[in-house]
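What follows is the residue order along each chain.
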Amino acid sequence: MSKNEDEHFAREELHRKQKESIEKVKQALRERQKLHHMKCPKCGDDLETKIHEEVEIDVCKGCSGVWLDPGELETLAGKESTGLKNFFGLFKDE
Ligand SMILES: [Zn+2]
């Protein structure tokens, strides 16, 4: 085996090891995500996805806490205000 080939294989080996350690880190992150996924940050109980006003909300089975994804609060708030407008519109005599 020539020196060049030695270097080539050493580089390959190094590359393989780097890839392996990156995979290990990724795997650990996935594991951690799995542990916390759909768990209540407050009490640690399971979260249940429910549809409220066409918006998906995560409700805790333990403490009934409600968790929203980014933008969902705005969506709900927007729907809420039009809902109220429609409600008050009923009392307008036209
Ligand atoms: Zn909870």
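Just above, that's the structure.
Conventions we followed
Residues numbered from 1 in each chain as written. Predicted model: local features only at pLDDT ≥ 70, side-chain atom pairs only at ≥ 80, totals over all residues. Heavy atoms only, no water. Donors = N, O, S within 2.8 Å, 3.2 Å for Na, K, Ca; no water. Tetrahedral: all angles 85-135°; square planar, octahedral: opposite > 155°, others 65-115°. Helix = DSSP H or I, 4+ residues; strand = E, 2+ residues; numbered from the N terminus. Buried < 20%, exposed > 50% of the residue type's maximum accessible area, 1.4 Å probe, protein only. Pairing = 2+ DSSP bridges.

(A) Quick peek at the coordination of the zinc ion. Protein-derived ligands of the zinc ion are C40 (SG), C43 (SG), C60 (SG) and C63 (SG), with the metal-ligand distances lying across 2.3 to 2.4 Å. Taken together, the 4 donor atoms coordinating the zinc ion and their angles of 99 to 119° define a geometry best described as tetrahedral. In terms of primary sequence, the donors binding the zinc ion are separated according to C-x2-C-x16-C-x2-C. Taken as a pair, C40 in the loop between α1 (3-36) and β1 (47-52) and C60 in strand β2 (residues 55-60) lie far apart in primary sequence, 20 residues in all.

(B) Quick peek at the pairing of β2. Taken across its 6 residues, β2 has 5 buried, putting it largely inside the fold. As judged from the 6 bridges shared by β1 and β2, these two strands associate in the antiparallel manner. By the bridge assignment, L47 is partnered in β2 with C60. From the end of β1 to the start of β2, which pair antiparallel, there are 2 residues, and E53 there has a positive phi angle of about 55°. Pairing of β2 with strand β3 (residues 66-67), which is carried by 2 bridges, proceeds in the antiparallel orientation. Residue pairing across strands places V59 opposite V66, the latter belonging to β3. Following β2, the chain reverses through 5 residues before pairing antiparallel with β3; S64 in that reversal takes a positive phi of roughly 60°.

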